[in-house]
Amino acid sequence: MAIQFLDTRISIHSDNFGGAEPLSDLPLLIGDIGLQVGAAIPANTSSVRVALTGTAAIDFVTVVEPPAEPTVVSLTVERGGDGSAGTGVTILNQQFEISALGPLFPISVTAADFPPAADVLAGEIRYTLFIATDGFIDLVLSGPAVFNGTAAAGTT
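Per-chain numbering applies: the sequence of each chain, read as written, is numbered from 1 onward. With pLDDT at 70 or above as the cut-off, local features in this predicted model cover only qualifying residues; side-chain atom pairs require 80 or more to be listed or tallied, and sums for whole chains, interfaces and linings still use all residues. In computing side-chain values, all of the structure's heavy atoms are included and hydrogens and water are not.

Colleague: Please provide a residue-by-residue account of the sheet that holds strand β5 (residues 71-79), values included.
Modeller: If you trace the four strands from one edge of the open sheet to the other, you get β3-β8-β5-β6, paired in antiparallel fashion. What marks the edges here is a single partner per strand, and that holds for β3 (28-36) and β6 (89-98). Going from strand to strand, the sheet's axes swing by 15° on average, the running direction of each strand aside. Across nine bridges, β5 lies against β6 in antiparallel orientation. Bridge pairing links serine 74 to glutamine 95 in β6. A pair of strands counts as paired when DSSP detects no fewer than two bridges linking them. Strands here mean DSSP runs of E at least two residues long; helices mean DSSP runs of H or I at least four residues long; both are numbered from the N terminus. For helices, the fitted axis covers only the stretch in contact; all axes are lines through C-alpha atoms, and the angles between them, taken along N-to-C directions, range from 0 to 180 degrees.

As structure tokens, this is what we get:
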């Protein structure tokens, strides 16, 4: 079956630098998209694939004395769920170690998903991106923070 483009969506939590949303061990929703997949022709229902990318820029809150161990920042992508972390199926959980003395730069994840046919038949699949930290170093979401997704179906 020929390749069939289904949908593409973007979610922009922040599109510039200068934000100061505190990060903690409570996951913060920074991306939320609903990909329309109901247009998949019946022969393509089991061959839907989704490409997802997300980026978040973080910054330090003033570090007086650096802790002995680095902080771990986690970006998690989920399928389904209600917008609260842990209510969907985890597609990707990527962890990044951040040292108080190291430079900061935007962190990015790329994920792929082959959703089950039952999710495809529902017509829309919700994907979410969360960010959290273990809290050893105080960090803020400084922006930008974006999440993108594209759905296609078919083989070749």
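Colleague: How would you sum up the side chain of threonine 76? Please name residues and give values.
Modeller: In this structure, threonine 76 sits in strand β5. Only protein chains enter the accessibility calculation, which uses a 1.4 Å probe; a residue whose area is less than 20% of its type maximum is buried, one above 50% is exposed, and one in between is partly exposed. Of the residues examined, threonine 76 reaches a relative accessible area of 14% and is grouped as buried. Within the structure, threonine 76 has its side chain in polar contact with the side chain of asparagine 93 (distance 2.6 Å). In protein, a polar contact requires one atom able to donate a hydrogen and another able to accept it; more generally it is a pair of N or O atoms within 3.5 Å, and residues adjacent in sequence count only if both atoms are side-chain atoms.

Colleague: How would you sum up the nonpolar core? Please name residues and give values.
Modeller: To define a nonpolar core, start from buried Ala, Val, Leu, Ile, Met, Phe, Trp, Tyr and Cys residues and group those joined through side-chain atoms within 4.5 Å. Counting residues in each nonpolar core, the largest one holds 34 residues, and the members touching the most others are Leu75 and Ile131. At the level of elements, β3, β4 (49-60), β5, β6, β7 (107-113), β8 (124-133) and β9 (139-153) are the ones that each hand at least two residues to this core. At six residues, the largest contribution of residues to this core is made by β9. Two residues form a contact once any of their heavy atoms are found within 4.5 Å. Look past the residues within four positions of leucine 75 in its chain and what remains in contact with it is Ile30, Ala56, Leu92, Asn93, Gln94, Phe96, Ile107, Val109, Leu129, Phe130 and Ile131.

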